[in-house]
Amino acid sequence: MTKSLLLAFLIAGTLASTLCGTRSDQWERVDGALRDRLPRTAIEHLEPIVAGAIEEGAYAEALRAIVMTITLEGQVHGGRPEEKILRLEARMATLPQEMEPLLHAILGHGYWEYFQQNRWRFLQRTRTAEPPGEDFTTWDLPRILAEVDRRFTAALADPEALREVPVSEFDALLQKGTVPDTYRPTLYDFLAHEALAFYAAGEQAAVRVEDPFRLTADSPVFAPLEEFLAWEPESPRDDSVTLKAIRLYRELLEFHRTEGNRVALADADLGRLVFGVNTAVGPEKNERYVAALDRFAEAFADHEISARARFLWAQVLAEEADFSAARRIAVRGAEAFPESIGGIRCANLVAQIEAKSVDITTERVWNEPSPDIRVTYRNIGEIHFRAVPYEFDDYPGTVPWHGHPSSYAREIRTALLAAEPAKAWSEALTRTGDYRERTERFAAPGDLDPGFYFILASPDPRFTARDNQVSVVPVWVSDLAVVIRTGSRREGVEGLVLAAESGEPIAGAAVHSWTRDNEGVPRPGDSTRTDEDGRFRFEAAPRRTLFLAEHNGHRLATARDHWYGGSYRERPRQQTVFFTDRALYRPGQTIHYKGISLRVDREGDDYRTLAGRNVTVALRDVNGDEVGRRTHRTNDYGSLSGSFTAPDGRITGTMTLSVISGPSGATSVNVEEYKRPRFRVELEAPDTAARLDETVGLTGKATAYTG
């Protein structure tokens, strides 16, 4: 991690511990006022510091005192965050020219911070035809991002002068990183990388549809350094943030190549590759990125930065599920520079790839035919099971009714691990050498008594709580089945208790309920019995209720709680259900869709298609902008069909097909630049070589090949 701006917009702490010299006594007085919670007094002590620092040319110290003053003024006057920006802009006109680059950078960060705090407002605003006014709190998204860009551009307006200023001169304003200044030795390096962080931010994608410059994976962005430096990309518009980032990377790399700073050159070049993979589009992007990282790691094999490249390389392979190759590359980076940031990241990735994992799923109710236990695992060769009986009457109040087992209280999990199991058994797993997840199925044991159990699975036969992963699922061993009827009968709830194997109704079965009180705590509720048809009913009662049936020693609870007790009646509605030929498309491919328009009346159990209806369908992109629309008339079966072309040159992602006129309905499709998976089939050599054999048929001799 390199240095970053330590803004008083974000941090208002004591400074005497980090600043010393001719004004150390003054800073100590500021610290004292802050400790005593006297912001006005602190401001009075800061003003002489500003004047003295400017007079001596200690501009970093002056800037820190200024932004701290502005922060404290906001506290005194109860100002809003945007007022800090306005105060700094007003004060900027009175400060020396030498301070302008960092002032612009600080203001750029200020606007950027304001946007991030109010992102939802900017994303909901529609761009207006009229030019925005001076009040930046009313700007739309393109305007606020353009202002941040303008500030960083102004900060870098005089690169030659900035390259003469060592970044160490501004240590008073910058937060120390974990790498030395040789990575970014000058003020120009620092400001350029601050600007590049903004240009590469994900929020830029929200307005990138307006950017005519499209960075493709086959461009020189992943090319060797000399080829990249010779590249002169062009765009019809100069405000393309992607183009600005490319040109800034070229200037940085050319500067350090000329001056011979190999470390700063490597840092900027690696940043260029990361920017490329985050911004470029094209099916060969990952392939070219990995090849570039390979070249980079070899070119700087004698420096710790190569470990960062190997981590990024291994990370891509891990995302593509090639864990063996990813581990091999990460191990090399970790062994070469174990104490570096890249080496540590490589080691963490190796540990992540080698980590053991296990997760089990199974049917909620065990009866005939015997269900399977599905084990999804990685890096283990044997799995151990325990079936721990549990009193279900204690279950609703101690664990979430339909939460994942990982959300169970620690006390419950500890008690399960310590409990005596009703049955314990183990199964061998097929060991895998590729570090991928694998799923195997095992038959559930058929000798458990009826009741409620937790099935525990662990790679460690001791089922220890530390350095182990235990998967837990609740199951019922029961010959009962409980069916709850939901839908139109909102005044109450009714259901059936059946024999699970035959489906015959069970008369006289007891049915109990648990309901949540106003604090959400489950409480025992009413009970009833089934009639001769196996039917039971609860009249209007508190909502969110769990039901438990029992008969002849067998018990079974509903899988989830049910809502009822209101008098709401659902009105008939009309809707259109969409189907697409695929879920994923490349830009430029055809999206084929079909739709069925329906009338749904759940109260009357009446469902029918709508023939002869006019339906207008629109395709909208990621930003909600309309790509195109089609008008259809449903046929005699209520069906319609059509197609759109997936847009090219727009932001990729989830796009929406929706009805804008007619029975409502919508579906989503993904438009992405994706790489078609490749497969390789390998055949093992036979144990014995093939030979010719002669056999006699009915009409003569026939030759067969056997092996």
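Remember, predicted model here, so these are calculated numbers, not experimental data. (Residues numbered from 1 in each chain as written. Predicted model: local features only at pLDDT ≥ 70, side-chain atom pairs only at ≥ 80, totals over all residues. Heavy atoms only, no water.)

**Looking at the overall build of the protein**
Heads up, the condition is: In this description a helix means any DSSP run of H or I spanning at least four residues, a strand means any run of E spanning at least two, and both kinds are numbered starting from the N terminus. Residues count as neighbours in contact if any of their non-hydrogen atoms are within 4.5 Å of one another. In short, Shrake-Rupley with a 1.4 Å probe defines the accessible areas, and a residue's cover is counted only from the protein chains shown.
Within the protein, the secondary structure is distributed over 18 helices and 28 strands. Long-range contacts, defined as pairs at least 24 residues apart, comprise 64% of the intrachain contacts of the protein with a sequence gap of at least 6. Approximately 36900 Å² of the protein is accessible, and the part contributed by carbon and sulfur atoms is 48%.

**Topic: unusual backbone geometry**
This is how the line gets drawn: Only protein chains enter the accessibility calculation, which uses a 1.4 Å probe; a residue is then buried when its area is under 20% of its type maximum, exposed when over 50%, and partly exposed in between.
Between glutamate 368 and the following residue, proline 369, the backbone shows a cis peptide bond with an omega angle of -5 degrees. Along the chain, the position of proline 369 falls in the loop between β4 (365-366) and β5 (372-378). Positive phi, normally seen in glycine, also occurs at asparagine 379, with a value near 65 degrees. For asparagine 379, the position within the fold is in the loop between β5 and β6 (382-389). Judged by its relative accessible area of 13%, asparagine 379 falls in the buried class.

**Some points on the sheet that holds strand β19 (residues 584-585)**
Using the following cut-off: A pair of strands counts as paired when DSSP detects no fewer than two bridges linking them.
Here five strands make up an open sheet; going across it, the order is β19-β26-β25-β22-β23 and the pairing mixed. The sheet is open, and its two edges are formed by β19 and β23 (626-633), each paired on a single side.

**Here we look at helix α16 (residues 341-354)**
Put simply, the test is: Here the expected length of a helix is defined as 1.5 Å per residue gap, with one fewer gap than residues.
The end-to-end C-alpha distance of α16, which contains 14 residues, comes to 20 Å, matching closely the 20 Å that a straight helix rising 1.5 Å per residue would cover. The elements touched by buried residues of α16 are α14 (305-319), α15 (323-336) and β5.

**Points about α14**
The periodicity of an α-helix, 3.6 residues per turn, causes residues three or four places apart in sequence to face the same way. Compared with an ideal rise of 1.5 Å per residue, which puts 15 residues at 21 Å, α14 spans 22 Å between its outermost C-alpha atoms and is within 8% of the ideal. A large share of α14 lies buried, amounting to 12 of its 15 residues. Listed as buried for α14 are Ile305, Ser306, Ala307, Ala309, Arg310, Phe311, Leu312, Trp313, Ala314, Val316, Leu317 and Ala318. As for α14, its buried residues are in contact with α12 (262-279), α13 (285-299), α15 and α16. Alanine 321 lies just past α14 and shows a positive phi near 70 degrees.

**Concerning the confidence of the model for the protein**
Defined as follows: As a per-residue quantity, pLDDT reports the predictor's confidence and falls between 0 and 100.
Overall, the predicted model of the protein reaches an average pLDDT of 84, with 85% of residues at or above 70. In the predicted structure, residues 7-18 sits below a pLDDT of 50 and forms 28 contacts with residues beyond four places in sequence or in another chain. Here residues 695-707 is a poorly scored stretch, pLDDT under 50, and it has 13 contacts once near neighbours within four places are set aside; other chains count.

**Focus: the sheet that holds strand β3 (residues 357-362)**
What counts here: Fitted lines through C-alpha atoms serve as axes, helices being fitted only where they are in contact, and the angles separating the N-to-C directions of these axes extend from 0 to 180 degrees.
Pairing within the open sheet is antiparallel, and its three strands lie in the order β3-β5-β8. Taken across any chain shown, the strands that pair with only one partner, and hence form the sheet edges, are β3 and β8 (438-443). Each adjacent strand pair in this sheet contributes to an overall mean axis angle of 25 degrees, direction not counted. Relative to β5, β3 is paired through six bridges, and the arrangement is antiparallel. Bridge pairing links aspartate 359 to threonine 376 in β5.

**With respect to the packing of aromatic side chains**
For clarity, the cut-off: Stacked, edge-to-face and tilted labels apply to pairs of Phe, Tyr and Trp rings (six-membered ring for Trp) whose centres lie within 6.5 Å, assigned for plane angles under 30 degrees, over 60, and everything in between, in that order.
The full count for this structure, using the stated rule, is 26 aromatic pairs. Centroid distance tyrosine 390 to phenylalanine 452: 6.4 Å. Interplanar angle 75 degrees. Geometry classified as edge-to-face. Of this pair, tyrosine 390 sits in the loop between β6 and α17 (395-398) while phenylalanine 452 sits in strand β9 (residues 451-458); the two residues are 62 residues apart in sequence, bridging distant segments of the chain. On the accessibility criterion, phenylalanine 452 (6% relative accessible area) is buried. Consider the rings of phenylalanine 392 and tryptophan 514, whose centres lie 5.9 Å apart with planes at 85 degrees: the pair is edge-to-face.

**A short note on the packing of α13 against α14**
Put simply, the test is: The labels follow the angle: roughly parallel below 35 degrees, roughly antiparallel above 145, roughly perpendicular from 65 to 115, and oblique for the rest. Handedness of a crossing is defined here by the sense of rotation of the near helix relative to the far one, left-handed for an anticlockwise turn of less than a right angle and right-handed for a clockwise turn. The nonpolar class holds Ala, Val, Leu, Ile, Met, Phe, Trp, Tyr, Cys and Pro. Asp, Glu, Lys and Arg form the charged class, and all remaining residues, Gly among them, are polar.
Close contact between α13 and α14 brings their axes to 9 Å; oriented N to C, the two are set at 155 degrees. In this view, α13 runs roughly antiparallel relative to α14, as classed from their interaxial angle. Read as a crossing pair, α13 and α14 show a hand that is left-handed. Contact residues: Asn286, Tyr289, Val290, Leu293, Asp294, Phe296, Ala297 and Glu298 in α13; Ile305, Ser306, Ala309, Arg310, Leu312, Trp313 and Val316 in α14. Grouping the constituent residues of the contact of α13 with α14 by class yields 10 nonpolar, two polar and three charged.

**Some words on the environment of alanine 347**
Among the structural elements, alanine 347 can be located in helix α16. A C-alpha to C-alpha distance of 5.3 Å links alanine 347 and alanine 334, two positions 13 residues apart in sequence.

**Describing the pattern of salt bridges**
As a reminder, the rule being used: Here, a salt bridge means any Lys or Arg side-chain nitrogen found within 4 Å of an Asp or Glu carboxyl oxygen.
If you walk through the whole model with that rule in mind, you get 34 salt bridges. Linking glutamate 160 and arginine 163 is a salt bridge whose minimum nitrogen-to-oxygen distance equals 3.1 Å. Using a relative accessible area of 17% as the deciding quantity, one classes arginine 163 as buried. Among the ionic pairs, arginine 555 bridges to glutamate 550, the shortest N-O distance being 3.3 Å. The structure contains a network of salt bridges with shared partners spanning Glu89, Arg143, Glu147, Arg150 and Arg151.

**Concerning the packing of helix α3 (residues 59-77) against helix α4 (residues 81-92)**
Their axes nearest at 10 Å, the elements α3 and α4 cross at an angle of 135 degrees. The pairing of α3 with α4 is recorded here as oblique in orientation. Crossing of α3 over α4 shows right-handed handedness. Every residue of α4 that contacts α3 at Ile66, Thr69, Ile70, Thr71, Glu73, Gly74 and His77 is listed here: Lys84, Arg87, Leu88 and Arg91. The residue inventory of the contact of α3 with α4, partitioned by class, reads three nonpolar, four polar and four charged.

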